[in-house]
Amino acid sequence: ATWYARRAYSSSTLGVEVFNPSGQKRVVVTKMLPGTRWLDILTKKLGARVEVLTDERFAPTIVPNSAIVDLIGEKCDGVLGQLTEDWSAETFNALKSAGGVVYSNYAVGYNNVNVDDATAVNIAVGNTPGVLTETTAEITAALTLAAARRVVEADEFMRAGKYLGWLPDLFVGKLLQRGTLGLIG
């Protein structure tokens, strides 16, 4: 297991968790991310101080721009944000004013990012293309099987207490054996 020097930190407005407090660059992250590889790269390879927003007010919801601007503060080199956030002039201007140079979207796409607004203040924008290719294929296979075998209908039937015993045609569904399935995209 990888361990980090960490401490809970709460500014006057936001609760954050700090990793590598003596780091030379400051990177803020708007939600705790799964795994530790991202944190290893930022703290050990980049040598950055990483501050993750942990404020309970925003745990179950989308972080509003006002909180992102507060999180960026007066000195920030980069932000790792979420696809649910609105990254446009307000947030990019705050990042630029704090000395920031990069924003990365924790998402395959970037339709929540106004690239023109980032370009206007010379902020580089990144995303994570390709990371969901296998996941999408697996979910497609799971949904195909669930639909063909009527899994959701059968589950609802059972939970409603309607099952009285086995029947030859009860939720038989469609047999996929020897069939052809085409996936496009």
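You'll find the structure just up there.
Note that the structure is a prediction, hence the values are computed from the model and not measured.

A. The arrangement of the overall build of the protein in detail. In terms of helices and strands, the protein carries 6 helices and 7 strands. Listing each helix as α and each strand as β along the protein from the N terminus yields β-β-β-α-β-α-β-α-β-α-β-α-α. Here the C-alpha atoms of the protein give a radius of gyration of 23 Å, more than 25% beyond the 16 Å that 2.2 N^0.38 yields for 185 residues. C-alpha extents for the protein along the principal axes are approximately 70 × 35 × 30 Å. A total of 185 residues make up the protein; the buried ones form 31% of that total. Pairs at least 24 apart in sequence give 51% of the contacts found in the protein among residues at least 6 apart. Total accessible area on the protein is roughly 11800 Å²; 58% of this is exposed by carbon and sulfur atoms. Distance between charge centroids for the protein: 7 Å, based on 18 positive and 19 negative side chains.

B. Spotlight on the pattern of salt bridges. As enumerated under the stated definition, the model contains 7 salt bridges in all. The residue Asp55 makes a salt bridge to Arg57 at a minimum N-O spacing of 2.7 Å. For Asp155, the salt bridge goes to Arg159, with nearest N and O atoms at 2.9 Å. Here Asp155 and its partner Arg159 are both found in helix α6 (residues 151-159), 4 residues apart, which amounts to about one turn of the helix. Asp155 sits in the partly exposed class, given a relative accessible area of 34%. One salt-bridge network, in which partners are shared between bridges, spans Arg26, Arg49 and Glu51.

C. Expanded view of helix α3 (residues 89-97). Here α3 has its buried residues at Thr91, Phe92, Ala94 and Leu95. Along the long axis of α3, the arc covered by the buried residues comes to 160°, so they all point the same way. Buried positions along α3 lie against α2 (65-72), β5 (78-82), β6 (102-106), α4 (115-120) and β7 (124-126). One or two residues past the end of α3 sits Gly99, with phi positive at roughly 90°.

D. Structural context of unusual backbone geometry. Although it is not a glycine, Phe171 sits at a positive phi angle of roughly 50°. Of note, Arg178 is a non-glycine position whose phi angle comes to about 65°, a positive value.

E. Just the pairing of strand β3 (residues 25-29), in detail. Within β3, 4 of the 5 residues are buried, which leaves it mostly tucked inside the rest of the structure. In terms of strand pairing, β3 meets strand β4 (residues 48-53) through 5 bridges, oriented parallel. In the strand pairing of β4, Arg26 is matched with Arg49. Alignment of β3 against β5, held across 3 bridges, turns out to be parallel. Paired with Val28 across the strands is Val79, a residue of β5.

F. Representation of the pairing of strand β2 (residues 15-19) in the model. Taking burial as the measure, the 5 residues of β2 include 5 buried ones, the bulk of the element. What you see with β2 is no split at all: Gly15, Glu17 and Phe19 on one side and Val16 and Val18 on the other are buried throughout. Bridging between β2 and β4 involves 4 bridges; their strand directions are antiparallel. Within β4, the residue paired with Phe19 across the bridge is Val50.

Conventions used here
- Residues numbered from 1 in each chain as written.
- Predicted model: local features only at pLDDT ≥ 70, side-chain atom pairs only at ≥ 80, totals over all residues.
- Heavy atoms only, no water.
- Helix = DSSP H or I, 4+ residues; strand = E, 2+ residues; numbered from the N terminus.
- Rg over C-alpha atoms; globule rule 2.2 N^0.38 Å.
- Buried < 20%, exposed > 50% of the residue type's maximum accessible area, 1.4 Å probe, protein only.
- Contact = heavy atoms within 4.5 Å.
- Areas by Shrake-Rupley, 256 points an atom, 1.4 Å probe, with all protein chains shown as cover.
- Lys, Arg positive; Asp, Glu negative; His and termini not counted.
- Charge placed at Lys NZ, Arg CZ, Asp CG, Glu CD.
- Salt bridge = Lys/Arg side-chain N within 4 Å of Asp/Glu carboxyl O.
- Arc of directions from axis to C-beta.
- Pairing = 2+ DSSP bridges.

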